Structures are given as structure tokens and as C-alpha cells.
Amino acid sequence: MSRIGVFICHCGENISRTVDVERVASQASLMAGVAFSTDYKYMCSDPGQTLVKKAIAEHNLTHVVVAACSPRMHERTFRKAAEQAGLNPYLCEMANIREHCSWVHENREEATQKAIEIVGMLIERVKKNRILPTITVPVTKRALVIGGGIAGIQAALDVADCGHQVVLVEREPSIGGHMAQLSETFPTLDCSQCIMTPKMVDLANHPNITLHTYSEIEQVDGYIGNFQVTIRKKARSVDEHKCTGCGICITKCPQKKIPNIFDCNIGMRTAIYVPFPQAVPNVPVIDRENCTMFKSGKCGVCQKVCGPGAIDFTQEDILITEPVGAIIVATGFELYTITEKAKGSPIKGYGEFGHGKIPDVIDGMTFERLASASGPTGGKILRPSDGKEPKQVVFIQCVGSRSREKGISYCSKVCCMYTAKHTMLYHHKVHDGQAYVFFMDARVPGKSYDEFWRRSIEEEEAVYIRGMVSRLYQKGDKIVVMGSDIAVGVQVEIEADLVVLATAVQPQKGADLLAQKLGISYDKYNFYSEAHAKLRPVECATAGIYLAGACQGPKDIPDTVSQASAAAAKVMALFSKDRLEREPIVARVKEATCVGCFACKKVCAYGAVEEKEIRDRQGNLLKVIAYVNPGVCAGCGTCQATCPSKSVELDGYTDEQIVAMIEAL
Amino acid sequence: MTQTINTSGYSAITDSIRNEARRILGDGTVSAVIGYTSSRREGSTQPTVITKSEDADKLLFTAACLNNLVVYLTKAKKDVPHEGRIGIIVKGCDLKALVGLLGESQLKRENLYLIGIPCNGVLGSLFNPSAELNSETIAPKCRECTDRIPAGCDFMPDVETVGLPELNPFYSSEIARLEALTPVERWEYWKEQFSKCIKCYACRQVCPFCFCEQCLCDRNRPQMVEQTPRPSGNLAWHLVRAMHLAGRCAGCAECERVCPMDIPLNLLNRKMAKELKEMYNSEAGFEVREKGPLTSFDEHDDQSFIR
């Protein structure tokens, strides 16, 4: 006979505000099999847990139900407490009366009734819980970092410095990411290249780091501690091992008028190219779409001039598989554009700003390239249309960001600071120029940030106008900016030579597809979701996968670097053990009824289902059925839901347990 | 106006499959052939399993050969030898079910010898097995059949069948009629149909895809589906069956034919097949599908409903 202990938590007032916790406890005590029932203000606190442990001993409890918050929050806490009191941890269950009840209801009477029913369901369920032994699996002490921007570089260096092998995969021909494009960085105005490139070189030379540039993630199999990652190394058409990086191929390439994406299409590059002079690795790539050799089969100049014979037009994509134990996702961001969006897209463009068709309306990153000493203008601020020096520059904040009607409601966090920086850079370079900034409000919290912003106004003469811009249009060689100044309450019209838009920070294109390969969750904007907004900000809900940088949400460089190091620390903690304890919530196949249709194998996202032969004593093959490898199974339950004959059961979530819960209602 | 359907090729088909069965049983290619033979009533047929070449003349093919014999390869295989390759006579619709079973690891192609029938339609029922095959007596499934010539078989009789005249489709017009109803009316329609069910499970027994050793509806711990023939249990049973067949059912319509209560079971299955064709561009055919539409996922699947 079960002797169940029921513990009702007030969660401060989170639960007790809407649920009569004392009544839930007294009702629970009347339910069949309940030997002890009580309530307490903070069950997860030390005294609360002690209460649970003491009750288990004093009342000789066989099962425990804790009615409190979501199991995602504290299931582990209470299972540990139960274990310390001598119970198998899997005989303890959580009844979620916070997220599922008190937080979503207002009527106290009805909420209390619902809480009683939730507790009743869990009591019936816990009676059918079985003792589950812990599963341990080996840990591959190698990490994969996806993305070679500052986040990926920092995380890779930190893990590698601890003595573990790191594989870094970068989609572009060079690592460096967006930070390599920046001119100077706030709040200290040090040159981005100067602080970035040494780190890039460190990474390339690190004995523990394997670098795959111009490569993408093809497929991810496995689970925490034991991932198998298939990487597509795209055909570079240049042999990385033979190339010395002399650059003669680039000088001789006849195709010289290809817009360089690294320079925001302002500068030009050749068909065989490195994105920027400080690229790591310093090995060029042939852009096959624009290369004369690939288009017409005639040219091959680069091949003729290459001393070491590194050019290989026949190179093909290759797939390599890397075994890793942990994955850090650092895929970064891209900037929103005001161009017209596809019909039906939740995110809209800006027709009132000319949909990006006015040449001297540029985004912040383009301005960075103009201001950069290594940029297409050599650091001179020259406008794209006619190369003239602009004397009046208007900066517009919150383009895309914080505008629900355009489809993006979040704040992009970095624009206030970088626009302040832009006004300074502009003032340093064009002494007789005037910068105007249209802004909603200045969001500049952070060490030395507010001082920096004020400096742009007080010392660098930027004129800040609180208000939004309603329209931009070309008039002669000027751009007319029509806006409002809500501080004074007047309409403002400025004839600008150049307009710089602080466009929203968005996740990289294809971020959702990568998330689906990795099996991690993402929000409606495709930013990756952390396991807990406050307490687990760098971990994904999928074990063994961690997040760094702007792929999780807009971030500046200091925050990105902090998060990257935090993710690295999580990986190091994982690698500190040789074997990893795993929850024994895994699927099992009932061999008697399995007919081997392998629907489970087809739907298993983790490759956990194998084929198993059943033979009689004489060794005759009777049937081939499914077998779930408990080391690989992630306990998602998809196989259980798919099995037509209900021959797969997920331990801890068996059909009997679920039906018992339903019948308790 | 009743249109006659040409079945003149069926006697040549009968000769051809007899010769082939004699040959493959004689030279040991197969250990048995599953086919049709005449039954007690004039013109009627029944399934048979022959293991000797001298029995080959018992085989035949007529418009009264309704059964989907594929069910004898999975659960109804009491008389089928366990050793050696098995020959089986398949119409196009039957072959699609067999191909589905290959995809679900229930059969191995190398263990089978497929004798395909260039079919020109069969009768809707055996109440009058000697009836002429015409637009009135033909099975509803044959009216809109697009797979009457099987593909990928080991043997096909070298007989030309002329093909069917243009017939009014049955299932697609019924589906269109039901789709035009309001959800409430549609629900009423199906509730009424399912209320007739006596839980004889004939539909399950005849279905090649119901190959589970223990049907979940027979389980009692926990009891998933109420077993007595009452409305809630009937509804649950038919919904479970429709969902389990979605993306798999090949449309042989055997369930509907054997139902003693005339529940339009294949209509439900055709509707599900239509949905899956529209959503995932997947349907039963003569090519083995590695994964069915409901057991595969790729990132291009429509996910608009998740957000």
C-alpha cells in the first residue's frame, strides 16, 4: 500500500494568492494512499526541503508529490531531497499548481478546486511510478563551436585554453564575424581590428583548435556528451594546405568589379578573394558564380600565376564527421533592411524611407565600413552616390526595432550606443559637418555608457532630436528628412547629405533551420531560447548545447564576450567528469507485442532506436523488433506516441501513469 | 445508362497465371502461390494457397476476385508456408498495400514473387458473383482507379485489357459532399455511421495494415478504447483506425466490403489520404517509401500552425 506524502508550496504568495493552499493540503490528506499532507511558504528553501526529508523518515513515506512550480524549475531539487531521505528520486513527482494554475487564474475558488484536482492526478500517477536506476554515459571531451565571430572565438579560446579540443565551424571564408567589420568600438573608441585580429590569430594558431571556415553544419546526431556532427566543407577551389597566402591570384584576377559584402557592397573585390586583408585563414576562395573560369571555362589566370599550384577548379564539397561532447552556438546576427518584404511576411519594410532605393540612405554597418581605416574609402566619410563628403548627416534610431507595426517589438540594444559613436567618428573626420540624431529615448545603461552618450552631445556637438521620422525622399542631391521634434512640438525638415539608419538586430538567415538540426528551441523572431531567462541564460533546454552572443538576443561586444566565456565555463564543467549521469527517463520496447514496423526508428530524432533479433533456444530467428539504446534516448516520447501497437513505453510517463491521471479527473 | 465493362481478357489472364504458377512451383522458385480459386457458389471465388504445381489449374481470375490477398502475408498466414519464397497474385490496389508493408519492414521483397494482374475492375460484392461487370455492379474503388496496371512485379500476364470507360467517381464526390457540410452536420453524419458498429472487428481482420500482434484496442492495462459496442467506444475505435491508417492505407477498400453494418470506412480513409496528399504530397503507390508522411519530418514541412 502506498504511503504518499503531499507537500503544498505557497511559493511566497505566487500560489497562495489565488489558491487556498491549506484547503488543498487538507483535501489531499483525504485522498486514497496519502499518509501525510502539509503546506509551507517556500518548499524549495532549505527548511522546506528539510520538512520533506523529515516527513519521509517520520511517516515512512513511499512516494512524494510536491505541489509547487513547474517540474522544469524544481523537479531536480525535490528529487534530490527525496534521494537524500532514502527514496528513489523517481518516486517523487511535481504537481504544477503555479504555471498551470495560480498564475493563469483569478477566481480563488475555482483555482483552488483545480489545484486539488491537479494534486489528485499526480497522486494517482505517482502510485504507478517505478524505481528507476540512473544511467551513465561516457563524455567526449571535445567541443564544437558554431560561428567564428567574437562570441565563437572567445568561447573556443576559453575551452581550448583549458586543454580540451575544439572544432570551430564558420560559414564565411574567414573568421571575424561582424566585429571585424566595425571601425572603432564603444565606449573606449579602440579600433576593432586592433583588438580583434590578435584573437583571430591566436585561434588559428591554437594547438587545440581545429578551424573549418567556409563550412556549414549539415547534420547533428547524438546527445549530450556524444554528438556526431556532420560538417559540409564547401568547395573553396583553393587547396588550404598548399596556399601560402601570397595574394598574387587576387592581384591578377581579371574580374574586379564584384561588390564586396564585407564592405557592405561599397567596395569591390575580385572573383578569387579573401573578404578582408586580415582574414584568418589567409586563404582565398573562388566565388564560382562570378568566376570567368566557372562561367565560360576560359581564364584560369589564377591557376597559371599560383606558384604552389593551390588552385583546384575541380574541388567539391566534402562532408566530414566530428565527434563532440558539447556544442556552443554562436551564429550571431544580421541587420534588418528597410527593403520591401515578401507578401505575408510578419516583418515589414519601410516604404516611407524609399525601401532602400535612395543610395545615400545607408545602415549603421555601412557607416562602420566608411569610417574604418581598412574600409573601401580608407576611413574617409564619403557618401556612396557621388563620393562627396557629407556636411549634414541625419542618424535615425529604432528603424525596425521597437515598432510593432513593422513586426519587431524588441529593442536592439546596441543602436543608441553605436549611433552616439557614429556622431563622434563623423565629427572627428568632418570637422565642419553637423550630425543630427532622431531618437525615441536613449537606452544607454552600462559601465561608462551614459558618459559616452552625453559626450557625443556635450563635446562632439551632435544634435539629438526626440521624435520619429515620417518620410525620407530625394530632392536634387539632398535627402529631405521629415520628422517631428516632440520636445518642442514642431515638425522638423532637414536637408541631409547622408542618412544613417540604426536598423534592427535580427538573427542570421537560416537560424531556424540550424535550430531544427540541433533540436533547440527558438522564439518567433528566430532568436534561440535559453533554458531559463534568469538562472540558465547560456544553456539551451537541449542538454549539451549552449548559447553565446547575439544569436540568443541583441547584445554588444562586452555582453557577448561575457556570455561566450560563461558558455565555455559550462562546457568545462561538463568535461570535468569522465562519465555523465543521465536521467533514466528513457523509452523501452515491449518485446512481446512489438511487430517491428520501425515507425519509432523513423521518427526518433536521436537515432536511439536499433533493430534487435529475437531468436528461440535453437537459434531460429523469430522476429526482428525495435530496441531503444538507453544511452542515446533523450526521453522525448515521440516513439511512444507513434507506435501503433503501443509497444513502446517511456519510463516515468507510461500509458498506465497517463491514463491513471486522466481517470483521476 | 448502364455501361458494360470489358472483361474479355480475364480468361487469358487465368491461363497465364496458371502457367506461371505451374512453372514457379515446379522449378522450386516459390514454395507456395497465394491466389484465387472457385468457391461453392456458381461464379464465386475464394482465396487459396497452393503448394503443388499440379494444383495450378485451380487458380483463376475473374471479376469476382475481390479479396486483397496481401493480408495472407502478414497475420492471416496460417496456411502459408514459413519457408521459401511466396508467390502472390496482386491487383494494382493490392500491390499498393504490399508496397506499404515493404516500407514498414513487414515483408522482404526477395521473399516474394509477385504476379501482377492487369485489372479492369472487379465486382462490388459477391451477392451475385456471376453478375456482369458493368457501371452498376463495379466496386466503388474501381470507378476512380488510376493504378489498374501494377508495376514492379516479377510476372505480368501478356494480356491487353482495354481499360475502363469514364465512370462517375464515387469517393471523390462523396468527399466533396461531406466537405460541403458544416462541421456539425459532418460530425452528425459520422456519429450516426459509427453508431451502427457492432465491434466485430472484421475491418481490422481483413486489413493488411492491421498487422499488430496485439491491437491496442484489445489492451486492458490501461484500457485505451472501450471494448463494448457503445457510441464512445465505437467512435474511439474508428478514429484510432483512421489515424493509424493515415498515410498508409492503399485504398483496397476491403474494410468497407466486409463491414456487415455498411459503415463507409473507405470513405474515411480516402478523406485522410486526400488530406495527406495535399499537406505532404505523399500517397500510396508502387514505389517503396522509406518513411511515410506522418513518420518523417523535414524542415520544409509546413510549421505555420506551431507559432
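Note that the structure is predicted; figures quoted are calculated from it, not measured. (Residues numbered from 1 in each chain as written. Chains lettered and ligands numbered in written order. Predicted model: local features only at pLDDT ≥ 70, side-chain atom pairs only at ≥ 80, totals over all residues.)

1. Side note on the sheet that holds strand E3 (residues 86–90) of chain B
Residue and element names in this part refer to chain B.
Step number 1: Strand order in the open sheet formed by 4 strands is E2-E1-E3-E4, with mixed pairing between adjacent strands. Two strands in the sheet have a free side with no partner beyond their single neighbour: strand E2 (45–50) and strand E4 (112–116). Pairs of neighbouring strands in the sheet enclose a mean axial angle of 30 degrees, with direction left out of account.
Step number 2: As paired elements, E3 and E4 share 5 bridges and run parallel to each other. Bridging from a neighbouring strand, Val-90 pairs with Gly-116 of E4.
Step number 3: Against the sheet, helix H1 (residues 10–26) engages strand E1 (32–38), E2, E3 and E4, with an angle of about 150 degrees to E1. (Pairing = 2+ DSSP bridges. Helix = DSSP H or I, 4+ residues; strand = E, 2+ residues; numbered from the N terminus. Axes fitted to C-alpha atoms, helices over the stretch in contact; angles between N-to-C directions. Contact = placed C-beta atoms within 7 Å.)

2. Quick word on the pairing of strand E24 (residues 469–475) of chain A
Here is the key point about a regular strand: its side chains alternate between the two faces of the sheet.
Residues and elements named next belong to chain A.
Step number 1: Where E24 and strand E25 (residues 478–485) come together, 6 bridges link them in antiparallel fashion. Residue pairing for E25: Gln-474 is matched across the bridge by Ile-479.
Step number 2: The turn linking E24 back onto E25 is made up of 2 residues, and Gly-476 within it adopts a positive phi angle of 65 degrees.

3. Here we look at helix H6 (residues 150–161) of chain A
All names here are of chain A.
Step number 1: Taking 1.5 Å per residue, 12 residues should reach 16 Å; H6 reaches 16 Å between its end C-alpha atoms and fits that length.
Step number 2: Within H6, 11 of the 12 residues are buried, leaving the element largely enclosed by the surrounding structure.
Step number 3: Listed in full, the buried residues belonging to H6 are Ile-150, Ala-151, Gly-152, Ile-153, Gln-154, Ala-155, Ala-156, Leu-157, Asp-158, Val-159 and Ala-160.
Step number 4: Gly-163 sits one or two positions beyond H6 and adopts a positive phi of about 95 degrees. (Expected span 1.5 Å × (residues − 1). Buried ≥ 20, exposed ≤ 12 C-beta atoms within 10 Å, placed from the backbone.)

4. A few points about the sheet that holds strand E27 (residues 498–503) of chain A
Think of a sheet as strands paired side by side through backbone hydrogen bonds, with each pair either parallel or antiparallel.
Residues and elements named next belong to chain A.
Step number 1: What the 5 strands build is an open sheet, ordered E20-E27-E21-E22-E23; its pairing is parallel. The open sheet terminates on both sides in strands that have one partner only, identified here as strand E20 (361–363) and strand E23 (463–466). Taking each pair of neighbouring strands and ignoring which way they run, the sheet shows an average axis angle of 25 degrees.
Step number 2: Most of the contacts of helix H11 (residues 364–371) go to E20, to which it runs at about 90 degrees, and overall it touches E20 and E27.

5. Some remarks on the interface of chain A and chain B
Step number 1: Across the contact, 18 residues belong to chain A and 18 residues belong to chain B.
Step number 2: Every element with two or more residues in the side of chain A that touches chain B is listed here: helix H14 (511–518), helix H16 (599–603) and helix H18 (655–663) of chain A.
Step number 3: Of the residues belonging to the side of chain A that touches chain B, the class tally is 8 nonpolar, 5 polar and 5 charged. (Nonpolar A, V, L, I, M, F, W, Y, C, P; charged D, E, K, R; others polar.)

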